[in-house]
Amino acid sequence: MAECLSATASAIEKAGVALREGRLVAFPTETVYGLGADATNDRAVARIFEAKGRPRFNPLIVHLSSLAEAARHCMFNADAERLARAFWPGGLTLVLPRRQDTPLSLLVSAGLDTVALRVPAHEVAQALLKAAGRPIAAPSANPSGKVSPTNATHVMEGLGSAPALAIVLDGGSCPLGLESTVIGFPDGVPTLFRPGAVAREEIEMVLGRKLADADATAGEEGRASPGQLESHYAPDSLLRLDATSVRAEEALLAFGPNAPHTAISMNLSPTGDLTEAAANLFAMLRALDIQAAGRVIAVSPIPMTGLGEAINDRLKRAAAPRN
Ligand code: TXA
Ligand code: MG
């Protein structure tokens, strides 16, 4: 069983040692908890795929302490640099061409010639990067296809018994609660690969133009972002989206002040605040999944503006037919 430690300075030191030894460490970021490995160690990175049951074609995000360090591993274009300066440290991931001489494991790119990079803002994540002294590859710390973890208990429930996982650093609940926004540059065009913690509108403001959509640029055989599988973030219960009323036998995941009343229900944000809803989404999906005990979960409509785009994206995948 992994050790779950409060994220004190000494626990972070210990976790840094475990990473350098090639073992896995789960840690909080401002978005969700990550399952980390030394990104320069092939065997360590391979253990991430094993622990999560993650398909090998799905590449990983590499976490770094600064933009200067990121620039040692891949080539920034002017738009990417502008976005990094505006949003790092924070919930934005940039997919960029690898440098020839980068020591990053090829496994993090899963066969692509690009790598996804992010500088996290969470102080525990930053302290861990410093303690490890190397880049950390980290997907969300959940079994592949399941709901992402926003606290240490979620991580222990999903991956606590994974043999390679040495330590879970407990740094409380993640303040944003949704994964980073992923931006790539196919043919040099800034493209939204995955909506997330930084809203499209904020990014377009910095770029001074609209983002392209990944669906439009990905061909039949290749998706721009291989991780965007249809079914994902899946609770055990089935979901019914955009529900304006709730049926007698259903549980309810509500949003806003005018939620219908029913016995089993949680409200993402009674005031209709999308930032609050994003922070609550995964924890409430988990809690309601247990309470629903096999009932369908009806989900209130969520507006598509700001963080609503990412919330709707996760709900759509949670509701998708399972394989
Ligand atoms: O907030 C986050 O992004 C969290 C925390 C831990 O940083 N991490 C996370 O990782 O959500 P993961 O592995 O669950 O999602 C990474 C996404 C996937 O959709 C993956 O396909 C995409 O990023 N991705 C990674 N590398 C890529 C690449 N080279 N090209 C295109 N997409 C890439
Ligand atoms: Mg994930």
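Each remark here, short or long, concerns the structure printed above.
Residues numbered from 1 in each chain as written. Chains lettered and ligands numbered in written order. Predicted model: local features only at pLDDT ≥ 70, side-chain atom pairs only at ≥ 80, totals over all residues. Heavy atoms only, no water.

Before we move on, can you summarise the packing of helix H4 (residues 78-87) against helix H7 (residues 200-207) with the specific residues and values?
Direction vectors running N to C along H4 and H7 enclose 120°, while the axes themselves pass 10 Å from each other. Here H4 lies oblique to H7, going by the angle between them. Of the two possible hands of crossing, H4 and H7 adopt the one that is right-handed. Between H4, through Asp79, Arg82, Leu83, Ala86 and Phe87, and H7, the contact on the second element is made entirely by Glu202, Ile203, Val206 and Leu207. In terms of residue class, the contact of H4 with H7 is made up of six nonpolar, no polar and three charged. (Axes fitted to C-alpha atoms, helices over the stretch in contact; angles between N-to-C directions. Helix = DSSP H or I, 4+ residues; strand = E, 2+ residues; numbered from the N terminus. Parallel < 35°, antiparallel > 145°, perpendicular 65-115°, else oblique. Left-handed = near helix turned anticlockwise from the far one by under 90°. Contact = heavy atoms within 4.5 Å. Nonpolar A, V, L, I, M, F, W, Y, C, P; charged D, E, K, R; others polar.)

Hey, could you go over the pattern of salt bridges for me, with residue numbers and the actual values?
On inspection of all chains with the given rule, the structure shows 17 salt bridges. Among the ionic pairs, Glu21 bridges to Arg23, the shortest N-O distance being 3.6 Å. When its relative accessible area of 53% is taken as the criterion, Glu21 is described as exposed. On the basis of relative accessible area, Arg23 is assigned to the partly exposed category, the value being 40%. (Salt bridge = Lys/Arg side-chain N within 4 Å of Asp/Glu carboxyl O. Buried < 20%, exposed > 50% of the residue type's maximum accessible area, 1.4 Å probe, protein only.)

Go over the side chain of Arg314, please, and point to the residues and values.
Within the secondary structure, Arg314 is located in helix H10 (residues 308-319). The contact partners of Arg314, leaving out residues within four places of it in the chain, are Leu178, Glu179, Ser180, Arg194, Pro195, Gly196, Tyr233, Leu281 and Phe282.

I'd like a description of the nonpolar core, backed by residues and values.
By size, the foremost hydrophobic cluster in this structure holds 48 residues, and its most contacted members are Leu83, Trp88, Leu92, Leu94, Leu165, Ile183 and Ile203. Excluding residues within four positions of it along the chain, Ile203 makes contact with Leu83, Phe87, Leu92, Thr181, Ile183, Val198 and Leu211. Core analysis: the next-biggest nonpolar cluster, separate from the first, contains 27 residues, Val32, Leu178, Ala277 and Phe282 among them. (Core = buried A, V, L, I, M, F, W, Y, C linked by side-chain atoms within 4.5 Å.)

Before we move on, can you summarise the sheet that holds strand E10 (residues 191-194) with the specific residues and values?
With mixed pairing, 11 strands are arranged side by side in an open sheet as E1-E8-E2-E3-E7-E4-E6-E5-E9-E10-E11. Only two strands of the sheet have a single partner each, and these edge strands are strand E1 (3-6) and strand E11 (212-213). Strands E1, strand E2 (24-27), strand E3 (34-38), strand E7 (136-137) and strand E8 (165-170) of the sheet are contacted by helix H1 (residues 9-20), whose axis makes an angle of about 150° with E8. Across the sheet, H4 lies against strand E5 (92-97) and strand E9 (181-184), angled at about 155° from E5, the strand it touches most. (Pairing = 2+ DSSP bridges.)

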